[in-house]
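Observations on the model geometry
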Amino acid sequence: ECHCNKGWWGVDCSEGGNRSAAVKENGASPRIYVYDLPHEWTSGVIRHLRADNAYCIPRRYSSAGIASSGNAYQGQVFLHEKFLRSHHRTFDGSLADYYFIPLWSLCTKRTYDHSRGLLANLDYVKTRWPYWNATGGQRHMIVMPDDMGACDLSPKALAALGGAMVLQHNGDTTIQGPLKKLLPGGHGWGTRRGCHIRGRDIVLPPAVGSRYGSKWDLIQAPFEKARRQGAVRNWTFFFVGTVKLPGSAGYSGGVRDMVFQYYANESTFNMVDIRKNRLNPLNMGLNYLTSKFCLAPSGQGWGIRAVIAIFYGCIPVVIQDHISMPYDEYLPWDQFSIRLHSTQIPQMREILNAVSDAKLLELQRALSCVWSRFQWTSLFGMFRPIGEDGNVPGPDAFDTLMELLRERLQHQHQPNASMQLTSACGDTQIGQGEAERTRKPLCLFPCAPGIGDPSES
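Right, let's walk through the structure included here. A quick note: this is a predicted structure, and the numbers were derived from the prediction, not measured.

1. Digging into the packing of aromatic side chains
For the structure shown, the criterion picks out 22 aromatic pairs. Aromatic side chains Phe 78 and Trp 376 sit 5.2 Å apart centroid to centroid with 55° between the ring planes, which places their arrangement in the tilted category. Pair noted here: Phe 78 is in helix α2 (residues 75–85) and Trp 376 is in the loop between α11 (357–370) and α12 (377–380), with a separation of 298 residues, a long-range link. We classify Trp 376 as buried; its relative accessible area is 3%.

2. So, the state of the cysteines
A full pass over the atoms with the stated rule returns 2 disulfides. The disulfide bridge from Cys 151 ends at Cys 195, spanning 1.8 Å between sulfur atoms. With the S-S dihedral at roughly -105°, the linkage between Cys 151 and Cys 195 falls on the left-handed side. Taken together, the positions of Cys 151 in the loop between β7 (140–144) and α5 (155–161) and Cys 195 in the loop between β8 (165–168) and β9 (202–203) put the pair 44 residues apart, joining distant regions of the chain. In this structure Cys 151 comes out as buried when scored by relative accessible area, which is 2%. On the basis of relative accessible area, Cys 195 is assigned to the buried category, the value being 0%. One disulfide bridge connects Cys 294 with Cys 314, the sulfur atoms lying 2.1 Å from each other. Taking the sign of the S-S torsion, about 105° here, the bridge from Cys 294 to Cys 314 comes out right-handed. Taken together, the positions of Cys 294 in strand β12 (residues 291–296) and Cys 314 in the loop between α9 (305–311) and β13 (315–318) put the pair 20 residues apart, joining distant regions of the chain. Summarising the burial analysis for this pair, Cys 294 and Cys 314 share the class buried.

3. Regarding the sheet that holds strand β3 (residues 32–34)
The strands that make up a sheet pair up through hydrogen bonds in the backbone, lying either parallel or antiparallel. The 5 strands lie next to each other as β3-β6-β7-β8-β9, forming an open sheet whose pairing is parallel. The open sheet has two edge strands with one neighbour each: β3 and β9. Strand direction decides the pairing type here: β7 and β8, joined by 4 bridges, are parallel. Paired with Val 143 across the bridge in β8 is Leu 167. In the packing of α2 onto the sheet, the strands contacted are β3, β6 (98–100), β7 and β8, and the crossing angle to β7 comes to about 145°.

4. Points about the nonpolar core
If you look at the biggest cluster of nonpolar residues, it comprises 82 residues, and the most contacted ones within it are Leu 79, Phe 83, Phe 237, Val 259, Met 348, Trp 376 and Leu 401. Among the elements that line this core, the one with the most residues is helix α13 (residues 397–410), at 7 residues. Apart from the residues lying within four places of it in its own chain, the contact partners of Val 259 are Phe 237, Ala 264, Met 271, Leu 295, Ile 319, Ile 345 and Met 348.

Parameters and conventions
Residues numbered from 1 in each chain as written. Predicted model: local features only at pLDDT ≥ 70, side-chain atom pairs only at ≥ 80, totals over all residues. Heavy atoms only, no water. Phe/Tyr/Trp six-rings, centres within 6.5 Å; stacked < 30°, edge-to-face > 60°. Helix = DSSP H or I, 4+ residues; strand = E, 2+ residues; numbered from the N terminus. Buried < 20%, exposed > 50% of the residue type's maximum accessible area, 1.4 Å probe, protein only. Disulfide = S-S within 2.5 Å. Pairing = 2+ DSSP bridges. Contact = heavy atoms within 4.5 Å. Axes fitted to C-alpha atoms, helices over the stretch in contact; angles between N-to-C directions. Core = buried A, V, L, I, M, F, W, Y, C linked by side-chain atoms within 4.5 Å.

It is worth stressing that arrangement in space is one thing and function is another; only the former is reported here.
Laid out in structure tokens, this is it:
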């Protein structure tokens with residue numbers, strides 16, 4: 001069992017010692033205070049689980065020492081870890097802009113533990129620190145990365161959550177969303193006007209595991225990999241995954257099934273139902289790299305395919321009615337994706353064929369600027385340098401989360417102001433009626449090679 005050295009305490013042994021008051025008060029904006037909950041509620045949980053429990057192991061290492069994320073549901077663990085060692089952390093709660101409440105309920109993979117764990121954690125926080133009561137729970141954060149997100153909380157837990165924000169992958173905003181037919185009785189869904197409340201909660205991109213790489217691996221940026229190995233985007237459209245889930249009539253809101261009904265025999269559409277035809281994992285990344293557009297539906301809850309498509313330079317075709325996408329209040333999704341309503345599926349072929357070469361290149365260039373913002377590279381390792389000049393990818397998913405939280409602070413007295421970047425690439429003007437502010441370009445390299453740059457064709 002792990003113990004801190006004498007005079008130190010906390011889940012990461014960072015509290016106490018001879019730390020000066022000045023150090024304790026440091027923290028880059030936005031400043032995050034991490035509540036130190038009992039060890040047995042957080043990292044101590046691991047002692048009672050199997051060693052291969054994917055929900056509690058943020059990363060795995062290959063024989064070469066290369067780290068990769070092992071599971072897309074690990075947000076509770078890896079965000080706790082990241083906040084603890086981030087330069088945004090402050091040890092003085094009175095100086096904090098936001099407060100992070102660790103919750104490791106998904107480690108047990110039992111739904112009822114979310115509500116039970118959250119209620120216990122909130123009670124502990126409320127009785128030992130003044131910050132919850134001082135803010136009414138606002139600017140407090142919890143992570144709910146499972147399929148249903150906040151909808152997996154009981155009405156009692158949701159009521160206790162108050163004005164706190166949920167960091168989750170599920171962006172379903174209304175009872176008309178695809179989860180309507182999926183949620184069993186007893187869930188709190190609907191009591192919050194949907195699983196996700198825009199402007200309060202934040203939709204995070206999931207961590208993409210290395211199984212989506214293989215031959216076209218995640219070690220090197222796929223854009224560069226495409227250029228080096230000569231991938232050409234011959235397919236108009238690609239999708240691989242489960243089309244129908246037995247016993248779940250509302251799976252993906254019916255989108256996957258409808259797309260297959262209309263386009264299964266379309267010659268320029270590459271579609272694989274893995275329940276009927278298994279796709280060799282070695283070819284999965286190659287299929288993304290050789291397609292112009294890739295379907296990004298939801299699944300049993302949230303969907304991972306938009307992030308995978310973005311990573312491989314394939315323009316995501318998002319068909320998720322009433323669902324917010326990762327960071328869409330900050331990133332201009334319309335500049336690097338195609339968004340359709342499910343009622344437009346019968347016209348999807350014509351819509352995609354009408355995208356001109358110039359428009360496709362415009363979408364690809366924007367995608368080359370934002371792709372790193374959907375990857376947790378500061379947690380699982382940076383990609384190899386892109387190009388001979390040694391440029392590295394731009395801000396990652398954690399950097400983008402911090403930027404979004406900072407923008408919320410700056411706009412807290414302007415509730416109707418837009419926080420969305422006006423351009424996916426380059427300097428931009430933020431907000432409505434504000435003076436232009438200088439910002440580092442989101443694209444730290446001219447255009448990622450291999451995604452339609454004429455100089456590379």
